[in-house]
Amino acid sequence: MTLKFWNEKIELIKREELELIQIDKLKKTLINVYENVPFYKKRLDDCGVNPYKFSNPDEMENIPFTTKDDLRLNYPFKLFASPLDKIIRIHSSSGTTGNPTVVGYTKSDIRMWGDSIARQLFSLGLRSGDTVQNSYGYGLFTGGLGLHYGIEVLGAITIPVSGGNTERQIKIMRDFNTTAVCCTPSYALHIAEVGKEIGVDFGKLPLKVGVFGAEPWTDHIRKEIEDRLKINAYDIYGLSEVMGPGVACECSCKNGLHIAEDYFIPEIIDPKTHKRASKGKIGELVFTTINKEGMPVIRYKTNDLTSISYEVCSCGRTHARMAKPVGRLDDMLIIRGVNVFPSQIEEVLMEIKEIEPHYLIIIDKRKYLDCMEVWIEVSEDIFSEKMNALEAFESSIEHKLYSAIGINISVKLKEPKTIKRSEGKAKRVVDMRKGEKP
Ligand code: DLL
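If you're wondering where the values come from, they're calculated on a predicted model, not measured in any experiment.

*Asks:* Looking at this model, I keep getting lost on the overall build of the protein chain. Mind explaining?
*Replies:* Helix and strand content of the protein chain: 12 helices and 21 strands. Taking 22 Å as the expected radius of gyration for a compact globule of 438 residues, we find that the protein chain reaches 23 Å, a close match to that expectation. Counting only C-alpha atoms, the protein chain reaches 75 × 60 × 40 Å along its principal axes. Across the 438 residues of the protein chain, 54% fall into the buried class. Accessible surface computed for the protein chain: about 20,100 Å², of which carbon and sulfur atoms make up 52%.

Shown next, in the form of structure tokens:
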């Protein structure tokens, strides 16, 4: 009999039953942090939540949020709920300023992480017998090792190649009969580009699946990747503070990312009022971990904007689905009073077929006013057209951006390969006001 689910009981669980499990695990987590993390003991005492008597999920709303700053202030281990001799792994995410955030995992946490990812890879069609090339960076970043253990739990072959050295990546793909690749969507595009240059016909390779995440990417980019690599591309989401990759992932329906709700309770809050948003509304995603021992987080504000659907998916799985994240609140650009997400610009650009999926948003100040410019790569054919044709093309893109976003954004068309490619998370915005350089 072929299995349809990794863990049918938990994946198809009725919501009422799931909620009972969640409240029980949440209570245990609150007791754990109350007894072992002074930061949370004070928090719970201050807001009057008694973890030993906790029974009503609505009471959660009384608990203040945990933020990245809380993690930084408690650097490196002060939020650990387990003694160091029970911690078996540490990851850390680099911040641009101040201390990095550090997370610790017990044996049971690592097991949960592997299980969560294995379940997700299974749900999008991977099986033992698949050969998975893991091109996420290995190291303190959770992408490499996170996926690595998940692929092993699934029982597929793991190729722990890490990011970079793109020609070698392609050689490995060809020689080892890679059937799935895991990396950032921007790196997937780069692999496709280098492959094309060296004459690889991806349609002739056994590669059939890509598992992409760690940065926002629109459905237009998904289509580009699928067309170029001749694969099905799925979205995987996560963040180190909550676990790493595998907090949520698309199933084969590609209709939202199932959140592993037996491990994490999601909430959506209004970014301004910080109150829970009504069902289905876009807002900031907040997570409480309910299965982690090493470093549980309570109501962690992710900064990511998305919405959640609680409808049963057509695959039959009942766990809630989050929409593809629109972007991070701290990536939101405010230009002359208008809020703009890089993904909105990407949406407009990727509708234009002559444009390559490589662009850079430049923010600067001119005569005391913030201004935005977008550098966009076009194909050699377009670029070699006459100057006035190029200018007309630039104006037509500026017009499209203005109609969609409502501010003037100037466009500069660039020659192929002039915008830096990324092997990990792509940097799409350069803020010259902060002294950054393209
Ligand atoms: O990026 C974990 C990860 C690794 C996820 C590999 C998926 C694949 P951090 O470095 O802590 O962890 O960054 C977390 O990246 O809050 C989002 O803003 C963004 N992010 C992660 N996955 C997605 C995604 C990893 N699928 C931050 N879509 C998160 C959009 C994503 N943004």
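Having put the structure on the table, let's press on.
*Asks:* So what exactly am I meant to see when it comes to the sheet that holds strand E21 (residues 429-431) here?
*Replies:* Consider a sheet: its strands pair through backbone hydrogen bonds, and that pairing is either parallel or antiparallel. The 4 strands are arranged E20-E19-E18-E21 in an open sheet whose pairing can be described as mixed. Two strands close off the open sheet at either side, each with one partner strand: strand E20 (409-414) and E21. On average, each strand axis in the sheet is tilted by 20° relative to the strand beside it, whichever way the strands run. In this sheet, E20 lies alongside strand E19 (residues 369-378) in parallel orientation, the contact comprising 6 bridges. In the sheet register, glutamate 373 faces E20, and the bridge partner there is serine 410. Running over the sheet, helix H12 (residues 387-405) touches strand E18 (355-366), E19 and E20 and is turned about 140° from E20.

*Asks:* What is the right way to read a negative patch on the surface from this model?
*Replies:* Judged by side-chain charge, Glu380, Asp381, Glu385 and Glu415 come together as a negatively charged surface patch. Note that glutamate 385 resides in the loop between helix H11 (380-383) and H12. In this structure glutamate 385 comes out as partly exposed when scored by relative accessible area, which is 39%.

*Asks:* Sorry if this is basic, but what is going on with the domain arrangement of the protein chain here?
*Replies:* By a widespread convention, an interface's size corresponds to the accessible area lost as its parts come together. Taken as a whole, the protein chain is organised into domain 1 (1-329) and domain 2 (332-434). The C-alpha centroid of domain 2 is placed 30 Å from the C-alpha centroid of domain 1. Between domain 1 and domain 2, the residue contacts involve 23 residues of the former and 18 residues of the latter. Roughly 1,800 Å² is buried in total at the junction of domain 1 and domain 2, and carbon and sulfur atoms are behind 54% of that figure. Ranking the residues of domain 1 by area buried against domain 2 places Glu193, Thr218 and His220 at the top, with a combined share of 26%. For the pair domain 1 and domain 2, the interface holds 3 salt bridges. Arginine 421 is the salt-bridge partner of glutamate 193, the closest N and O atoms lying 2.7 Å from each other. Connecting domain 1 to domain 2 are 13 residue pairs in polar contact (both at pLDDT 80 or more). For the side of domain 1 that touches domain 2, the leading source of residues is helix H8 (residues 185-197), giving 6 residues. Its residues assigned to classes, the side of domain 1 that touches domain 2 comprises 9 nonpolar, 8 polar and 6 charged.

*Asks:* It is not clear to me how the site of the ligand should be interpreted in this structure. Could you clarify?
*Replies:* Every one of the 19 residues lining the ligand counts as a neighbour, but Asp235, Ile236, Asp304, Arg328 and Lys425 are closest to it. Contact between the ligand and glutamate 215: a nitrogen atom at 3.3 Å from a main-chain N or O atom of the residue. Interatomic distance of 3.5 Å between a backbone N/O atom of proline 216 and a nitrogen atom of the ligand. Here the ligand has 610 Å² of accessible area as a free molecule, and 94% of this is covered by the chains. Listed by contribution, the elements that provide at least two residues to the shell around the ligand are helix H6 (142-154) and strand E7 (232-239). The element that contributes the greatest number of residues to the shell around the ligand is E7, accounting for 5 residues.

*Asks:* When you look at helix H5 (residues 107-123) in this model, what are you seeing that I'm missing?
*Replies:* What sets the pattern is the α-helix's 3.6 residues per turn: residues three or four places apart point alike. Compared with the 24 Å implied by 1.5 Å per residue over 17 residues, the 24 Å span of H5 between its first and last C-alpha is a close match. Following H5 by one or two positions, glycine 125 has its phi on the positive side, about 110°.

*Asks:* Can you help me understand the packing of aromatic side chains in this one?
*Replies:* Aromatic ring pairs are defined here through the distance separating the ring centres and the angle between the ring planes. This structure, assessed with the given rule, holds 9 aromatic pairs. Joined through ring pairs, the aromatic side chains of Tyr237, Tyr263, Phe264 and Phe287 make up one cluster. For arginine 89, the ring lying beneath its charged end belongs to tyrosine 149, and the centroid distance is 4.8 Å. The ring centre of tryptophan 217 lies 3.7 Å from the NZ or CZ of lysine 324, which sits over that ring.

What counts, and at which threshold
Residues numbered from 1 in each chain as written. Predicted model: local features only at pLDDT ≥ 70, side-chain atom pairs only at ≥ 80, totals over all residues. Heavy atoms only, no water. Helix = DSSP H or I, 4+ residues; strand = E, 2+ residues; numbered from the N terminus. Rg over C-alpha atoms; globule rule 2.2 N^0.38 Å. Buried < 20%, exposed > 50% of the residue type's maximum accessible area, 1.4 Å probe, protein only. Areas by Shrake-Rupley, 256 points an atom, 1.4 Å probe, with all protein chains shown as cover. Pairing = 2+ DSSP bridges. Axes fitted to C-alpha atoms, helices over the stretch in contact; angles between N-to-C directions. Contact = heavy atoms within 4.5 Å. Patch = residues over 30% accessible without salt bridge, like charges linked within 9 Å, V, L, I, M, F, W, Y side chains within 5 Å. Salt bridge = Lys/Arg side-chain N within 4 Å of Asp/Glu carboxyl O. Lys, Arg positive; Asp, Glu negative; His and termini not counted. Charge placed at Lys NZ, Arg CZ, Asp CG, Glu CD. Domains from an automatic or database assignment. Buried area = accessible area lost by both parts, 1.4 Å probe. Polar contact = N/O pair within 3.5 Å; in protein donor to acceptor, adjacent residues only side chain to side chain. Nonpolar A, V, L, I, M, F, W, Y, C, P; charged D, E, K, R; others polar. Near = heavy atom within 4 Å. Expected span 1.5 Å × (residues − 1). Phe/Tyr/Trp six-rings, centres within 6.5 Å; stacked < 30°, edge-to-face > 60°. Lys NZ or Arg CZ within 6 Å of the ring centre and 35° of its normal.

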